[in-house]
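Observations on the three-dimensional arrangement
Read off the chains here:
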Amino acid sequence: MSEKKPIILVTNDDDITAKGISVLAQAMQELGEVIVIAPDRPQSGQGHAITINNPVRIRKARFFKDAIVAYETTGTPADCVKMGKHLILKDRKPDLVVSGINHGSNTAISILYSGTMSAAMEAAIEGIPAIGFSLADYHPEADFSHTIESIQAIARQVLEKGLPKHVALNVNFPAKSEEPLKGIRVCRQADARYLESFQQREDPYGRPYYWLDGDFVNFDEGTDTDEWALLNNYVSVVPCKCDLTAYSTLEDLKSWEF
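Now for a quick tour of the structure. (Residues numbered from 1 in each chain as written. Predicted model: local features only at pLDDT ≥ 70, side-chain atom pairs only at ≥ 80, totals over all residues. Heavy atoms only, no water.)

Quick notes on the packing of helix α2 (residues 77-88) against helix α4 (residues 115-125)
- One way to put it is that α2 packs onto α4 with a least axis distance of 7 Å and a crossing angle of 30°. Classed by the angle they form, the pair α2 and α4 counts as roughly parallel. α4 is crossed by α2, and the crossing has right-handed handedness. Across the interface between the two elements, Pro77, Ala78, Val81 and Lys82 from α2 touch Gly115, Ala119, Glu122 and Ala123 from α4.
- Its residues assigned to classes, the contact of α2 with α4 shows five nonpolar, one polar and two charged. (Axes fitted to C-alpha atoms, helices over the stretch in contact; angles between N-to-C directions. Helix = DSSP H or I, 4+ residues; strand = E, 2+ residues; numbered from the N terminus. Parallel < 35°, antiparallel > 145°, perpendicular 65-115°, else oblique. Left-handed = near helix turned anticlockwise from the far one by under 90°. Contact = heavy atoms within 4.5 Å. Nonpolar A, V, L, I, M, F, W, Y, C, P; charged D, E, K, R; others polar.)

Structure representation (structure tokens):
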């Protein structure tokens, strides 16, 4: 009797036609039964948005080779995970949710804005082990070849050992270079963010509109962060949790006079 394969749900935020999700789905085929559910358009920067004021449509997609069953939706990355669990798979709970491979890194504060990581965190909320994968290369034809071995190794460990309740892994890869990856580093989230500004422009009718711009600045000098790992050609792995409570501040607040 053959051993039952784990069910692996694959999603992303770059849309179902992105190269990164194709690479990730193929990598997961060696580990289990793959089902892809992804947005039908780019959803980068959507964070943990869910669709509540409009219907969400879903249909079979034919962007993948082999026996990969795939669906595209009008929803957000978080919607994709919800629909996978409650609609497409129904009583077959996924053993693992993987999101990505994102075209562009998701380190530091970007975790909060990232549709890639929000899909992983949605799975974690549902008690499903989950990993978000990102590559520090925004090019549509980015080279993902150096990521496959580590992606499969990390996914295998999660399938074997599981993750704590409501915890997901945020994994980032440096862009492909002539130098091989130095290894995998378990890190913390760096204290880094964008210093933002709005560019004001005018449309053909002279009406102003605004375009968000900014420079990414790392305020963190630590050598145990995701940013340091990427800059030094390591794969970064950051465990992320859903509970945003600042426990170190709880006791101080209790002494306040409200």
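There's plenty left to go through after this.
Digging into the state of the cysteines
- This structure, assessed with the given rule, holds zero disulfides.
- With no disulfide of its own, Cys80 lies 18 Å from the sulfur of Cys242, the closest cysteine sulfur. (Disulfide = S-S within 2.5 Å.)

Considerations on the nonpolar core
- Residues Val10, Met28, Val36, Val98, Ile131, Phe133 and Val171 are the most contacted members of the largest nonpolar core, which totals 34 residues.
- If you list the elements that add at least two residues to this core, you get β1 (7-11), α1 (19-28), β2 (33-39), β5 (96-103), β6 (130-135), α5 (148-161), β7 (167-173) and β11 (235-241).
- Take this core: its biggest share by element is six residues, from α1.
- Not counting residues within four places of it along the chain, the set of residues in contact with Val98 comprises Ile8, Leu9, Val10, Thr11, Leu24, Met28, Ile131 and Phe133.
- By size, the runner-up hydrophobic cluster in this structure holds 24 residues, among which are Val81, Met121, Tyr234 and Val238. (Core = buried A, V, L, I, M, F, W, Y, C linked by side-chain atoms within 4.5 Å. Buried < 20%, exposed > 50% of the residue type's maximum accessible area, 1.4 Å probe, protein only.)

Considerations on the pattern of salt bridges
- One pass over the structure, following the stated rule, counts nine salt bridges.
- Among the salt bridges present, the one from Arg41 reaches Asp40, with a minimum N-O distance of 2.8 Å.
- Residue Arg41 is classed as partly exposed on the basis of its relative accessible area of 43%.
- Assessed through its relative accessible area of 29%, Asp40 is described here as partly exposed.
- One continuous salt-bridge network, built from bridges that share partners, spans Arg188, Asp220 and Asp224. (Salt bridge = Lys/Arg side-chain N within 4 Å of Asp/Glu carboxyl O.)

Side note on the sheet that holds β6
- Here we have nine strands laid out as an open sheet, ordered β3-β4-β2-β1-β5-β6-β7-β11-β8, and mixed in their pairing. Each of the sheet's edge strands pairs with one partner strand only, and the pair in question is β3 (58-60) and β8 (184-186). Neighbour-to-neighbour, the strand axes of this sheet turn through a mean angle of 25°, independent of strand direction.
- Inspection of the sheet shows β2 paired to strand β4 (residues 69-73) by five bridges, in the parallel sense. (Pairing = 2+ DSSP bridges.)

Topic: the layout of surface pockets
- The calculated volume of the largest pocket comes to roughly 730 Å³.
- Together, 27 residues line the largest pocket, and Ser105, Asn106, Ser110, Tyr138 and Tyr194 are the ones closest to its centre.
- Of all the secondary structure elements, the ones that give two or more residues to the lining of the largest pocket are β5, α3 (110-113), α4, β9 (192-202) and β10 (208-218).
- Top element by residues in the lining of the largest pocket is β10. It accounts for four residues.
- For the lining of the largest pocket, a count of residues per class yields seven nonpolar, 13 polar and seven charged.
- In this model, the second largest pocket occupies a volume close to 370 Å³.
- If you list the elements that add at least two residues to the lining of the second largest pocket, you get α3, α4 and β11.
- Among the residues forming the lining of the second largest pocket, the class breakdown is 11 nonpolar, four polar and two charged. (1 Å grid on protein atoms, 1.4 Å probe; cavity = no way out; pocket = protein on both sides within 12 Å on 5 of 7 lines; lining within 4 Å. Points joined across faces, edges and corners; volume = space filled by probe spheres on them.)

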